[in-house]
Amino acid sequence: MKKIKKITVIILIVILLWLVMFIVDYLRVVSEKAPVFCVQTKDGCYTGAGYSYEMYPHIITGKKEYSLSFFGRIIKSNYTNQPSGVHR
């Protein structure tokens, strides 16, 4: 019984840490900064643990726009004009 409880606590801690990393990255991206817990794979693309961001500056305003993907599926995007390379 103690072993199951210990494993459950470890799993909950890992999930909590992942959630904290995701929230920190999301808040940074929304405020037009690069995410902290992601690796930059190419220009404007950042990959984290199960999620990724694509960030590009708007052509006219220069404000950074982004799309958020979970496991390869775009779930949120604030693009006004779709940049090349972004598949919806």
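Going by the structure above, here's the rest.
Residues numbered from 1 in each chain as written. Predicted model: local features only at pLDDT ≥ 70, side-chain atom pairs only at ≥ 80, totals over all residues. Heavy atoms only, no water.

(A) Representation of unusual backbone geometry within the structure. One non-glycine residue, Glu32, lies in positive phi territory at about 65°. Mapped onto the elements, Glu32 comes out in the loop between helix H1 (2–30) and strand E1 (39–42). A positive phi angle, near 50°, is found at Phe71, a position not held by glycine. Here Phe71 lies in the loop between strand E4 (64–70) and strand E5 (73–77). The class for Phe71 is exposed, based on a relative accessible area of 73%. (Helix = DSSP H or I, 4+ residues; strand = E, 2+ residues; numbered from the N terminus. Buried < 20%, exposed > 50% of the residue type's maximum accessible area, 1.4 Å probe, protein only.)

(B) Examining the sheet that holds strand E2 (residues 45–47) more closely. Across the sheet, five strands lie side by side as E1-E2-E3-E4-E5; this open sheet has antiparallel pairing. At either margin of the open sheet sits one strand with a lone partner, and together these are E1 and E5. Ignoring strand direction, the axes of neighbouring strands in this sheet form an average angle of 30°. Against the sheet, H1 touches strand E3 (51–57), E4 and E5, its axis set at about 10° to E3. (Pairing = 2+ DSSP bridges. Axes fitted to C-alpha atoms, helices over the stretch in contact; angles between N-to-C directions. Contact = heavy atoms within 4.5 Å.)

Geometric descriptors of this kind do not, in isolation, establish any biological role.
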